[in-house]
Amino acid sequence: GAVVSQHPSWVICKSGTSVKIECRSLDFQATTMFWYRQFPKQSLMLMATSNEGSKATYEQGVEKDKFLINHASLTLSTLTVTSAHPEDSSFYICSAEEGRSNQPQHFGDGTRLSIL
Amino acid sequence: AQSVSQHNHHVILSEAASLELGCNYSYGGTVNLFWYVQYPGQHLQLLLKYFSGDPLVKGIKGFEAEFIKSKFSFNLRKPSVQWSDTAEYFCAVNYAGNNRKLIWGLGTSLAVNP
């Protein structure tokens, strides 16, 4: 149980394009989803927290107009990297949390984004 | 500032050796504590967690961790490692009032030689 599916797993695109990453909870309802970014040899950096039906809460230093997050349903959140540039290349990971208390986050497989 | 420190960045062990990975967090009141593991090519998986109660927590695959409040530590242990334990291990802390946001350590890369 508690499977989180993230798609795509790997994307390469040209500078200036927008890229959408999907995060789905397959067998549970995720009231909260988290988006992380991970640089090589570094820890996970939380970008934003999204709650179903409301605006995402962005961490300090994360551009909300650059990284658009939508959490339209209890099983789907999307991260759109708008007008991507090479410095946006990274590994993006989503996690989802059930609505019950004292439940851990469940993680997707991550998306490797490479901007040329 | 809230922070999590993992002391060992790379650990190499032989099979059957005992393992202890250190994790310390900065003071911040009530905390929930987690250890996650990431096997090669796979997503992060929960090993064990501590919310309250017995400070010695047992997780999957023979792992355990002990919460020592006075030392702000949550070290991960396994008495006898296997080759299949080769993975990246992350300690994470949720501070009360932080809206379930996790603060992550840098991770420890464990390699177990057969």
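All names here are of chain A. Pairing in this open sheet of four strands is antiparallel, and the strands run β1-β3-β8-β7 from one edge to the other. Of all strands in the sheet, those with a lone pairing partner are β1 (4–7) and β7 (67–73), marking the two edges. Looking at each pair of strands side by side, their axes are set apart by 15 degrees on average, direction ignored. Across five bridges, β7 lies against strand β8 (residues 76–81) in antiparallel orientation. Residue pairing across strands places Ser73 opposite Leu76, the latter belonging to β8.

All names here are of chain A. Checked against the element boundaries, Lys66 lands in the loop between β6 (57–58) and β7. A relative accessible area of 11% means that Lys66 is categorised as buried. Apart from residues no more than four positions distant in its own chain, Lys66 is found in contact with Thr80, Val81, Thr82, Ser83, Ala84, His85 and Asp88.

Now for unusual backbone geometry. A cis amide bond links His7 of chain A with the next residue in sequence, Pro8 of chain A, at an omega value of 0 degrees. Tracing the backbone through its elements, the reader meets Pro8 of chain A in the loop between β1 and β2 (10–13). Look at Phe72 of chain B: it is not a glycine, yet its phi comes out positive at around 50 degrees. Topologically, Phe72 of chain B is positioned in the loop between β8 (64–68) and β9 (73–78).

Moving on, we come to the interface of chain A and chain B. On the side of chain B, 15 residues touch chain A, which itself brings 19 residues to the contact. Counting every contact that joins chain A to chain B gives one salt bridge. When the shortest N-O distance is used, the salt bridge between Glu59 of chain A and Lys101 of chain B registers 2.5 Å. Elements represented by at least two residues in the side of chain A that touches chain B include exactly β4 (30–38) and β5 (44–51) of chain A. Looking at the side of chain A that touches chain B residue by residue, the class counts come to six nonpolar, 10 polar and three charged.

The full count for this structure, using the stated rule, is 15 aromatic pairs over all chains. Aromatic side chains Tyr27 of chain B and Phe72 of chain B sit 5.8 Å apart centroid to centroid with 75 degrees between the ring planes, which places their arrangement in the edge-to-face category. On the criterion of sequence distance, the pair formed by Tyr27 of chain B in the loop between β4 (24–25) and β5 (31–38) and Phe72 of chain B in the loop between β8 and β9 is long-range, its members being 45 residues apart. With a relative accessible area of 65%, Tyr27 of chain B lands in the exposed category. Judged by relative accessible area, Phe72 of chain B falls into the partly exposed class, the value being 30%. An angle of 80 degrees between the planes, with centres 6.2 Å apart, marks the rings of Phe90 of chain B and Trp104 of chain B as edge-to-face. You can see Phe90 of chain B sitting in strand β10 (residues 87–95) and its partner Trp104 of chain B sitting in strand β11 (residues 102–104), a full 14 residues away along the chain. Just as Phe90 of chain B is buried, Trp104 of chain B falls in that class too. The rings of Tyr36 and Phe107 of chain A together with Phe34, Tyr36, Phe51, Phe90 and Trp104 of chain B are connected pair by pair, giving a single aromatic cluster.

As a further point, take the state of the cysteines. Considering all chains together, one arrives at two disulfides over all chains under this definition. Note on cysteine connectivity: Cys23 of chain A is disulfide-linked to Cys94 of chain A, with sulfurs 2.0 Å apart. Since a negative S-S torsion denotes a left-handed disulfide, the Cys23 of chain A-Cys94 of chain A link at about 80 degrees is right-handed. Separated by 71 residues along the polypeptide, Cys23 of chain A in strand β3 (residues 19–25) and Cys94 of chain A in strand β9 (residues 90–98) bring together distant segments of the chain. The buried category is assigned to Cys23 of chain A, whose relative accessible area is 0%. For Cys23 of chain B, the disulfide goes to Cys91 of chain B, at an S-S distance of 1.9 Å. One disulfide, between Cys23 of chain B and Cys91 of chain B, carries an S-S torsion of -65 degrees and so falls in the left-handed class. Residue Cys23 of chain B is located in the loop between β3 (19–21) and β4, and its partner Cys91 of chain B is located in strand β10; the two are separated by 68 residues in the primary sequence. Judged by relative accessible area, which is 0%, Cys91 of chain B ranks as buried.

Rules and cut-offs
- Residues numbered from 1 in each chain as written.
- Chains lettered and ligands numbered in written order.
- Predicted model: local features only at pLDDT ≥ 70, side-chain atom pairs only at ≥ 80, totals over all residues.
- Heavy atoms only, no water.
- Pairing = 2+ DSSP bridges.
- Helix = DSSP H or I, 4+ residues; strand = E, 2+ residues; numbered from the N terminus.
- Axes fitted to C-alpha atoms, helices over the stretch in contact; angles between N-to-C directions.
- Buried < 20%, exposed > 50% of the residue type's maximum accessible area, 1.4 Å probe, protein only.
- Contact = heavy atoms within 4.5 Å.
- Salt bridge = Lys/Arg side-chain N within 4 Å of Asp/Glu carboxyl O.
- Nonpolar A, V, L, I, M, F, W, Y, C, P; charged D, E, K, R; others polar.
- Phe/Tyr/Trp six-rings, centres within 6.5 Å; stacked < 30°, edge-to-face > 60°.
- Disulfide = S-S within 2.5 Å.

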